[in-house]
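The primary structure of each chain is shown beneath.
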Amino acid sequence: MIETFIDSKDNRDTCIVTKYSKGGNLFALMKKLHEKTIPESTLRKLFKQMAIGVKGLHERNILHRDIKFGNILVSDLSENAEIKIADLGISV
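Since we're looking at a predicted model, the values are computed, not measured.

Note that Ser75 resides in the loop between strand 3 (72-74) and strand 4 (83-85). A residue is classified by how much of its surface remains accessible, and Ser75, at 15% relative accessible area, is buried. Within the structure, Ser75 has its side chain in polar contact with the backbone nitrogen of Glu82 (distance 2.8 Å). If sequence neighbours within four positions are ignored, Ser75 has contacts with Ser21, Lys22, Gly23, Asn80, Ala81 and Glu82.

So this is what it looks like as C-alpha cells:
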C-alpha cells in the first residue's frame, strides 16, 4: 500500500492507492491464457503470496469476504510475480 485517504467529496469513501499491477486480475489473466500452461513454480509462488496475504489480514482481525480470482491482482507471470489482494469492501 502506498497511501490511504478519505475522498474529500463526501467524506465517506476510503481510497487505497497501491502499486500498479500490470497483469490485471487473476481471472482476466487466466481467461487470456485460456489453455496455455503456467509453470508450477510460478503457481506455487502466487499461492504462497496469497496465503501470506490472507494470514496477514487475519492477524489484523480483517476478514475478506470475497476472495476470488477477480480480486487477486497480479503483476505478471514471471518468476518475480507479485500479487495483491483487492476489494476488501471496507465498511464502518
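Here the focus is the confidence of the model for the protein. Looking at the protein as a whole, its pLDDT mean stands at 83, while 95% of the residues score no less than 70. Ranking the elements of the protein by mean pLDDT puts strand 2 (residues 14-17) last, at 80, and strand 3 first, at 91.

The rules behind these values
- Residues numbered from 1 in each chain as written.
- Predicted model: local features only at pLDDT ≥ 70, side-chain atom pairs only at ≥ 80, totals over all residues.
- Heavy atoms only, no water.
- Helix = DSSP H or I, 4+ residues; strand = E, 2+ residues; numbered from the N terminus.
- Buried < 20%, exposed > 50% of the residue type's maximum accessible area, 1.4 Å probe, protein only.
- Polar contact = N/O pair within 3.5 Å; in protein donor to acceptor, adjacent residues only side chain to side chain.
- Contact = heavy atoms within 4.5 Å.
- pLDDT = per-residue confidence, 0-100.

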